[in-house]
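Chain and residue survey
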Amino acid sequence: MALWDIFHTLWHPGGFGRIARWVFQLVWLATKHVLPGHSRHLAGPIGILGTVALWTGLVVIGWTLVYLPHMSDGFYFGSALRPEQSSDALTALYLSLVTVATLGFGDVTPADPVLRLLAPFEALLGFVLLTAAISWILQVYPALGRRRSVAKRLSLLQSSHATAVVAGGEPCVASRMLDAVTDGTIQAETDLMQYAESYYFIEEEEELSLAASLPHALELAEAGRSSSSREVQLSADMLTAAVESLALLLDRAYLKTGSATPEVLASYRADHGFEPHA
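Residues numbered from 1 in each chain as written. Predicted model: local features only at pLDDT ≥ 70, side-chain atom pairs only at ≥ 80, totals over all residues. Heavy atoms only, no water.

The name given to the protein in an unreviewed UniProt entry is Potassium channel domain-containing protein, and the organism recorded there is Nocardioides furvisabuli.

Examining the pattern of salt bridges
If you walk through the whole model with that rule in mind, you get 6 salt bridges. Its salt-bridge partner being K152, residue E207 comes within 3.1 Å of it at the nearest N-O pair. Here E207 is found in the loop between α7 (171–194) and α8 (210–213), whereas its partner K152 is found in helix α5 (residues 113–159), with 55 residues between them in sequence. Assessed through its relative accessible area of 29%, K152 is described here as partly exposed. R269 is the partner of E206 in a salt bridge, and the nearest nitrogen-oxygen pair spans 2.8 Å. Of this pair, E206 sits in the loop between α7 and α8 while R269 sits in helix α11 (residues 261–271), and the two are 63 residues apart along the sequence. Note on R269: relative accessible area 5%, which makes it buried. Connected through salt bridges with shared partners, the residues R147, R148 and E203 form a single ionic network. (Salt bridge = Lys/Arg side-chain N within 4 Å of Asp/Glu carboxyl O. Helix = DSSP H or I, 4+ residues; strand = E, 2+ residues; numbered from the N terminus. Buried < 20%, exposed > 50% of the residue type's maximum accessible area, 1.4 Å probe, protein only.)

Comments concerning the nonpolar core
Counting residues in hydrophobic clusters, the biggest one holds 73 residues, and the most contacted among them are W55, Y67, Y199, L210, L220 and L250. By residue number, the principal contributor to this core is α5, which donates 13 residues. Not counting chain neighbours up to four residues away, the residues in contact with L210 comprise R147, V150, A151, L154, A188, L246 and Y268. (Core = buried A, V, L, I, M, F, W, Y, C linked by side-chain atoms within 4.5 Å. Contact = heavy atoms within 4.5 Å.)

Brief notes about the layout of surface pockets
If you add up the space inside the largest pocket, you get close to 180 Å³. Together, Q25, W28, L29, K32, Y199, Y200, A253, Y254, K256 and D271 line the largest pocket. For the lining of the largest pocket, the secondary-structure elements that each account for two or more residues are α2 (18–34) and α10 (230–255). Examining the composition of the lining of the largest pocket, we find that 4 residues originate from one element, α2, more than from any other. Class assignment of the residues belonging to the lining of the largest pocket gives a composition of 6 nonpolar, 1 polar and 3 charged. By volume, the second largest pocket is sized at about 150 Å³. Lining the second largest pocket are 16 residues; nearest its centre among them are L95, T99, G104, V108 and P110. (1 Å grid on protein atoms, 1.4 Å probe; cavity = no way out; pocket = protein on both sides within 12 Å on 5 of 7 lines; lining within 4 Å. Points joined across faces, edges and corners; volume = space filled by probe spheres on them. Nonpolar A, V, L, I, M, F, W, Y, C, P; charged D, E, K, R; others polar.)

As for the UniProt feature "transmembrane region" (unreviewed entry) in the protein
As recorded in UniProt, the sites labelled "transmembrane region" (unreviewed entry) are residues 46–68, 89–111 and 123–144. In residues 89–111, helix accounts for 52% and strand for 13%; the two terminal C-alpha atoms are 18 Å from one another. Between the end C-alpha atoms of residues 123–144 the distance is 32 Å, and the span holds 100% helix and 0% strand. (UniProt positions renumbered as here; feature names shortened; annotations may be inferred.)

Side note on the packing of aromatic side chains
As enumerated under the stated definition, the model contains 15 aromatic pairs in all. Geometrically, the ring pair formed by W63 and Y67 is tilted, given 6.0 Å between the ring centres and 40° between the ring planes. Residue W63 and its partner Y67 are both found in helix α3 (residues 43–67); the two are separated by 4 residues, about one turn of the helix. For the pair formed by W63 and Y67, the shared burial category is buried. Taking the centre distance of 5.4 Å and the plane angle of 85° together, the rings of Y199 and Y200 count as edge-to-face. (Phe/Tyr/Trp six-rings, centres within 6.5 Å; stacked < 30°, edge-to-face > 60°.)

What follows is the structure in C-alpha cells.
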C-alpha cells in the first residue's frame, strides 16, 4: 500500500495517491476549522509530513506482522536478551523500526534463511522512504515558486492599473502583457495537474497568492476584448481560455461548485482564506 501510494503521488504523471489525498484533505479540513484565514499556511507542509509518517508507519507495521510469527524460533538474540522474554510484538516492532531506519544494532538478527532475505528488503524500503520524502520536497516547491511568480505579476499589474493600458494602449505592449499572464496561467495549471498536493499550500501574503490574484486575469482579458486591435483581442481570448481551463480543473478536483468561472475563482479565493474580491 505504501509503495503503491508513493508511486502514484511522486512518479505517476498527474497522480495523487489515495492515502496522500486522504491525509491532505484531513489536514486541510482540520486547519480550516482551527486556524482562521490564510494563517492556515502550514496545511501543505503538515500534509507532506503526515503522509510520509503514514507511509513509514505502514511499512513498519507491515514488517512487524511479518516478523511476529517467527520471533520465537526465527531469530538469534544477543547475549543480553532472553529469547523467552523477547519474542513478543514489542520486540518485533523494535526490530522493524531499527531495520527500516537502517540502524542494524545486531541484538536481534534473523536465523531463518527466508527472513535473512526479507530483512534487507525492509532496509531498502527505508531508503525508498527517505528518497521519496526528499524528492517530494524538491518537486513541489519549485512548482509553488512558479505559481507565486504569476501571482506576483498579476498583483503588480493590478496595482499599476494595467487594464487601461490593455484596453487603449500600444497593441504590441498590451498583447505581450496578456500573453505573459497566459503563459503563467498555463504553467500554474500544468503544475497543479502534476502536483495535485500543491493546491493545499497557502501563501501568507495576498500578493503572492494565485487564489487571491487570479480574478484580475479575467479583468485584464475583458479589457483586452474592448481593444480595437485584433492582436490584443486574440491575446485576451487566449487568456480567457487559459483561466477557464484552470478554473475547470480547480472546480472538478477541489471545489465542486459546478459554477461558472467567476464563481469558481471566488470560491478558490475564499477557500484559501482571503476576503471576497472587491
